[in-house]
Amino acid sequence: MGNAIMDLYAREQNTEQKAVEIENAENWFDRVPTPSYVVDENLLISNLEILQDVQEQSGAKILLAQKAFSMFRVYPLIAQYLCGTTASGVYEAKLGREKFGKEVHIFSPAYREDEFDEILTVSDHIIFNSFSQWDKFGKLALAAGAECGLRINPECSTQEGHGMYDPCGPYSRLGVTRANFKQDRLKGLSGLHLHTLCEQNADALVTTVEAFEKSFGQFLPGMKWLNLGGGHHITREDYDRELLIRTIKRLRETYGITVYLEPGEAIALNAGFLVSSVLDTLHNGMNIAILDASAACHMPDVLEVPYRPRIVGSGQPGEKKTTYRLGGPTCLAGDIIGDYSFDRALNPGDRLVFCDMAIYSMVKNNTFNGIRLPDIVLNKADGTIETVRSFGYEDFKNRLS
């Protein structure tokens, strides 16, 4: 495989950019153990350069949302391009402070009293989800020198069919609506925060910003910053970066504020792979292949979202010569990755390479059934392979008691 897979991947991506320095990666897909998450440093740098350009042209400050990608081995690299990290809890905040070393922003729907003192020691911006949380913790946060913000809900849904990921859906617990907004309680707050998007383009942001300004724009004068959250697929090929830049510049110029973006997926989009091996094949009404990679354990969003991950060199069912249903090694009957076609029959030992596996898969995996977690591997820019972490029995055992 190796170069052949990377060449094919580059063609499927239809971009020269994604094929950068492939010649240095000879046979690396064949040289890693399976299953392995492999992050390609060149592809990561390609994304970071795009994000850096957006920062320079728009004046925005872009943060890494660790909920999507927390491979801190590459935090020093990412820190060369971005301004800091965002966290959804104290552990992510600590990780950002320890391993990234720039701004740390944190948001939680509600903070625990027994964790808040530690949050104060590692966080620069603390975002509150309600006025009651602001009343409870705000004085402590201000006394510790943190900048405080309030998450708002602009009540503007731009997603279709993704209710689980829509913070503006009915009865949302995320953010303060205009009806519940209290203008007389803003003293001490430095900014407002909104996060409504999921894997979307700049047009959805424009729609959201228009709704936000209509309901909350009057409260921005006097604020220091506006955080536009995540869900911006900035590094995707079809993303309208010029529209994003114009929108940010207009907000900065109109209100005299700093604008933050906190994408997670955009940082490592299409920069990671899950390399797996075929363990066995069988036939029960159709061809079936059992892999050492599990949907339930190693890529849970395949079942949760759900979605069908792309495999390098594969096709839709019936498109190529032989079609297989790919399943994992767990006892869960529904541990099914999906149906794929290939140019030839699969055999035990063959390797399959799943694309776009750096984001969310690595942070959401689990050891159900005692299944071993994939190794974490970095394909470095100079073509060398670094096994960052291997997991074994102790990692499984120590989670349980």
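Residues numbered from 1 in each chain as written. Predicted model: local features only at pLDDT ≥ 70, side-chain atom pairs only at ≥ 80, totals over all residues. Heavy atoms only, no water.

Colleague: Go over the overall build of the protein chain with me, naming the residues and quoting the values.
Modeller: Across its full length, the protein chain carries 14 helices and 16 strands. Seen through its principal axes, the protein chain has C-alpha atoms that stretch 70 × 50 × 40 Å. Going through the 401 residues of the protein chain one by one, you find that 56% of them count as buried. Taking the intrachain contacts of the protein chain between residues at least 6 apart in sequence as the baseline, contacts between residues at least 24 apart amount to 67%. Of the roughly 17,300 Å² of accessible surface on the protein chain, a fraction of 47% belongs to carbon and sulfur atoms. For the protein chain, the centre of its 40 positive side-chain charges and the centre of its 53 negative side-chain charges are spaced 5 Å apart. (Helix = DSSP H or I, 4+ residues; strand = E, 2+ residues; numbered from the N terminus. Buried < 20%, exposed > 50% of the residue type's maximum accessible area, 1.4 Å probe, protein only. Contact = heavy atoms within 4.5 Å. Areas by Shrake-Rupley, 256 points an atom, 1.4 Å probe, with all protein chains shown as cover. Lys, Arg positive; Asp, Glu negative; His and termini not counted. Charge placed at Lys NZ, Arg CZ, Asp CG, Glu CD.)

Colleague: Describe in detail a nonpolar patch on the surface, supporting the description with residues and values.
Modeller: Judged by side-chain polarity, Leu303, Leu332 and Phe368 come together as a nonpolar surface patch covering roughly 240 Å² of accessible area. Within the fold, leucine 332 resides in the loop between strand E12 (322-327) and strand E13 (336-342). (Patch = residues over 30% accessible without salt bridge, like charges linked within 9 Å, V, L, I, M, F, W, Y side chains within 5 Å. Salt bridge = Lys/Arg side-chain N within 4 Å of Asp/Glu carboxyl O.)

Colleague: Would you mind going over a negative patch on the surface in detail, with residue names and values included?
Modeller: Judged by side-chain charge, Asp53, Glu56, Asp203, Asp240 and Glu242 come together as a negatively charged surface patch. Judged by relative accessible area, aspartate 53 falls into the partly exposed class, the value being 35%.

Colleague: Report on the side chain of asparagine 379, specifying residues and quantitative values.
Modeller: Along the chain, asparagine 379 falls in strand E15 (residues 375-379). Overall, asparagine 379 belongs to the buried group, its relative accessible area being 3%. One polar contact links asparagine 379 to aspartate 40, side chain to side chain, over a distance of 2.7 Å. (Polar contact = N/O pair within 3.5 Å; in protein donor to acceptor, adjacent residues only side chain to side chain.)

Colleague: Any details on the confidence of the model for the protein chain? Residues and values, ideally.
Modeller: This prediction gives the protein chain a mean pLDDT of 93; 93% of its residues lie at or above 70. This stretch, residues 1-6, has a pLDDT under 50; its non-local contacts, to residues over four places away or in other chains, come to 19 contacts. Between residues 14-26, whose pLDDT stays under 50, and residues either more than four places distant or in other chains, the model counts 26 contacts. (pLDDT = per-residue confidence, 0-100.)

Colleague: I'd like to hear about the nonpolar core, residue by residue, with values.
Modeller: Phe69, Ile78, Leu82, Ile126, Phe128, Leu326 and Phe354 are the most contacted members of the largest nonpolar core, which has 112 residues in total. The element that contributes the greatest number of residues to this core is helix H3 (residues 41-58), accounting for seven residues. Sequence-distant contacts of leucine 82, defined by excluding residues within four places in its chain, comprise Leu48, Leu51, Gln55, Ile62, Leu63, Leu64, Phe100, Lys102 and Ile267. Within the second largest apolar cluster, six residues are counted, among which are Leu63, Phe107, Trp225 and Tyr260. (Core = buried A, V, L, I, M, F, W, Y, C linked by side-chain atoms within 4.5 Å.)

Colleague: Pulling in residues and values, what's your account of the sheet that holds strand E9 (residues 258-261)?
Modeller: The sheet built from eight strands closes into a barrel, its strands ordered E2-E3-E4-E5-E6-E7-E8-E9 with parallel pairing. Between one strand axis and the next, the sheet turns by 25° as a mean value, whatever way the strands run. In terms of strand pairing, strand E3 (residues 84-87) meets strand E4 (residues 103-107) through four bridges, oriented parallel. In the sheet register, alanine 87 faces E4, and the bridge partner there is isoleucine 106. Sheet contacts for helix H9 (residues 241-255): strand E8 (225-227) and E9; angle to E9, the most-contacted strand, approximately 145°. (Pairing = 2+ DSSP bridges. Axes fitted to C-alpha atoms, helices over the stretch in contact; angles between N-to-C directions.)

Colleague: Can you break down the environment of leucine 77 residue by residue, with the values?
Modeller: Mapped onto the elements of the fold, leucine 77 is located in helix H4 (residues 75-79). Measuring from C-alpha to C-alpha, the distance between leucine 77 and leucine 44 comes to 9.2 Å, with 33 residues separating the pair along the chain. Dropping the residues within four chain positions of it, leucine 77 is found in contact with Glu41, Leu44, Ile45 and Leu48.

Colleague: Go over the environment of glutamine 66, please, and point to the residues and values.
Modeller: Its place among the elements puts glutamine 66 in the loop between strand E2 (61-65) and H4. In contact with glutamine 66, not counting residues within four places along its chain, are Tyr75, Thr85, Thr86, Ala87, Glu92, Ala93, Leu95, Gly96 and Val363. A distance of 2.8 Å separates a polar side-chain atom of glutamine 66 from the backbone oxygen of glutamate 92.

Colleague: Pulling in residues and values, what's your account of the packing of aromatic side chains?
Modeller: The tally for this structure, following the rule as stated, stands at 14 aromatic pairs. Judged by centre distance (5.2 Å) and plane angle (90°), the rings of phenylalanine 29 and phenylalanine 273 are edge-to-face. Here the residue phenylalanine 29 occupies a position in helix H2 (residues 28-31), and phenylalanine 273 occupies one in strand E10 (residues 272-283), the gap between them amounting to 244 residues. There is no split in this pair, since phenylalanine 29 and phenylalanine 273 are both buried. For the ring pair tyrosine 75 and phenylalanine 100, a centre distance of 5.6 Å and an interplane angle of 70° mean the geometry is edge-to-face. Here the residue tyrosine 75 occupies a position in helix H4, and phenylalanine 100 occupies one in helix H5 (residues 90-100), the gap between them amounting to 25 residues. Overall, tyrosine 75 belongs to the buried group, its relative accessible area being 0%. (Phe/Tyr/Trp six-rings, centres within 6.5 Å; stacked < 30°, edge-to-face > 60°.)

Colleague: Could you give an account of the packing of H3 against H9, with specific residues and numbers?
Modeller: Between H3 and H9, the least distance of the axes is 9 Å, while the angle of their chain directions is 35°. The hand of the H3/H9 crossing is right-handed. Along the contact surface, H3 presents Ile50, Val54, Gln57 and Ser58, while H9 presents Arg241, Glu242, Leu244, Ile245, Ile248, Lys249 and Arg252. Of the residues that constitute the contact of H3 with H9, the class distribution is five nonpolar, two polar and four charged. (Left-handed = near helix turned anticlockwise from the far one by under 90°. Nonpolar A, V, L, I, M, F, W, Y, C, P; charged D, E, K, R; others polar.)

Colleague: Describe the pairing of strand E16 (residues 385-389), naming the residues involved and giving the relevant values.
Modeller: Sheet topology places E15 next to E16; four bridges connect them, and they run antiparallel. Bridge pairing links valine 377 to threonine 387 in E16. Joining the antiparallel neighbours E15 and E16 is a turn of five residues, in which glycine 383 adopts a positive phi near 90°.

Colleague: Explain H9 to me, and be specific about the residues and the numbers.
Modeller: Look at H9: 21 Å from first C-alpha to last across 15 residues, which is about the 21 Å you get at 1.5 Å a residue. Restricting attention to buried positions, one finds in H9 the residues Leu243, Leu244, Ile245, Thr247, Ile248, Leu251 and Tyr255. Considering only its buried residues, H9 is in contact with H3, helix H8 (202-216), E8 and E9. A positive backbone phi angle near 65° is found at glycine 256, which sits one or two residues after H9. (Expected span 1.5 Å × (residues − 1).)

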